[in-house]
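# Coordinates in review
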Amino acid sequence: MGREKNSGKREEKMISVNIQQFGTDVGTLNLVPGNKVYGERLVKHGGQEYRIWDAYRSKISAAIKLGLKKFPLSENSRILYLGAGNGTSVSHLSDICNRGLIFAVENFSRPMVDLLRLSKSRQNIIPIFEDAHKPQHYSSLTSEVDFIVADVAQRDQLDILTKNAETFLKKGGIIYLSVKARSIDVTLTPDKVFSNILAQMAGKFNILESIKLDPYEKDHMCIVAQLII
Ligand SMILES: C[S@@+](CC[C@H](N)C(=O)[O-])C[C@H]1O[C@@H](n2cnc3c(N)ncnc32)[C@H](O)[C@@H]1O
């Protein structure tokens, strides 16, 4: 993954498909040129428009800026996003996988309103107003996927992720799990929470990477893994 060179010169290089590095920032090729989703900065490069992906508002952007290695998305990728919120991160994945699909699951009505609005201008986002504990409720709306992003910030998030991975993840597919230590156990140190989660995943998942998201997200970790079939 691209890292900034300490040359004082603004480095512009392609990180992977439809993601460009601009100095210390990362941007995604805007699927809806001229449109901002959450007030992000727009940058012109090579005759195209990129949306700066705010690492303080998106854990995937934070992970990329902190050196994430496994991010093999393509234009055609299909992603299941659990805990889509109001679509900040989903919108950037929609830029990247501009010919793919993002199944965005959210179970609170307030962020769902924003997500529905977002999906009107972006045909590759399928908003799903459901509880991620119940993949059977949206299996008719969702196909097999290449990636699952789980950011539900719930104590039982590993169970939620496992059920969804067993239902929808294609063989060899990749999961990105955001762990917010305080949502799991406030009585333990974040490091203890992270090591407990990694230990619980062993046997079921093959861990590819784990990245602490400080300073962008305090006491969070992004875990990249594959389901062991
Ligand atoms: C940390 S926020 C997500 C932020 C979002 N991923 C982003 O980067 O823009 C967690 C979201 O998960 C949603 N959530 C929590 N439990 C859920 C569940 N069981 N099913 C679906 N969504 C859930 C919450 O409503 C909240 O919007």
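Residue numbers restart at each chain and count upward from 1, following the sequence in its written direction. Totals for whole chains, interfaces and linings use every residue, but because this is a predicted model, local features are given only for residues with pLDDT of at least 70 and side-chain atom pairs only at 80 or more, for both listing and counting. In computing side-chain values, all of the structure's heavy atoms are included and hydrogens and water are not.

## Some details on the domain arrangement of the chain
Buried accessible area, meaning the area lost when the parts come together, often serves as the stated size of an interface. Quick note on the threshold: Segmentation of the chain into domains, including their bounds, is taken from an automatic or database domain assignment. The contact criterion used throughout is that any non-hydrogen atoms of two residues lie within 4.5 Å. Two parts placed together each lose some accessible area under a 1.4 Å probe, and the buried area is that loss summed for both. Salt bridge criterion: a side-chain nitrogen from Lys or Arg within 4 Å of a carboxyl oxygen from Asp or Glu. Each polar contact in these results corresponds to two N or O atoms within 3.5 Å; when the atoms are within protein, one needs to be able to donate a hydrogen and the other to accept it, and residues that are neighboring in sequence are counted only if both atoms are side-chain atoms. In this description a helix means any DSSP run of H or I spanning at least four residues, a strand means any run of E spanning at least two, and both kinds are numbered starting from the N terminus.
Parsing the chain into structural domains produces domain 1 (12–54) and domain 2 (60–227). Taking the mean C-alpha position of each, domain 1 and domain 2 sit 22 Å from one another. With 19 residues of domain 1 at the interface, the matching set in domain 2 holds 20 residues. Buried area between domain 1 and domain 2, both sides added, is near 1600 Å², and the carbon and sulfur share of it is 62%. With a shortest N-O distance of 2.6 Å, Asp-95 and Arg-51 are connected by a salt bridge. Counting every contact that joins domain 1 to domain 2 gives 11 residue pairs in polar contact (both at pLDDT 80 or more). Contributing elements (two or more residues each) for the side of domain 1 that touches domain 2: strand 1 (12–16), strand 3 (25–29) and strand 5 (48–52).

## Re the nonpolar core
Definition in use: Grouping buried Ala, Val, Leu, Ile, Met, Phe, Trp, Tyr and Cys residues that are joined through side-chain atoms within 4.5 Å yields what is termed a nonpolar core. Three labels apply to residues, based on accessible area from a 1.4 Å probe with only protein chains included: buried if under 20% of the type maximum, exposed if over 50%, partly exposed otherwise in between.
Formed by 35 residues in total, the largest nonpolar core has its most connected members in Trp-53, Ile-64, Phe-71, Leu-93 and Tyr-176. Residue assignment for this core shows that the elements contributing at least two residues are helix 1 (59–65), strand 6 (78–82), helix 2 (88–96), strand 7 (101–106), helix 3 (109–121), strand 9 (145–150), strand 10 (169–180) and strand 12 (220–227). At four residues, the largest contribution of residues to this core is made by helix 1.

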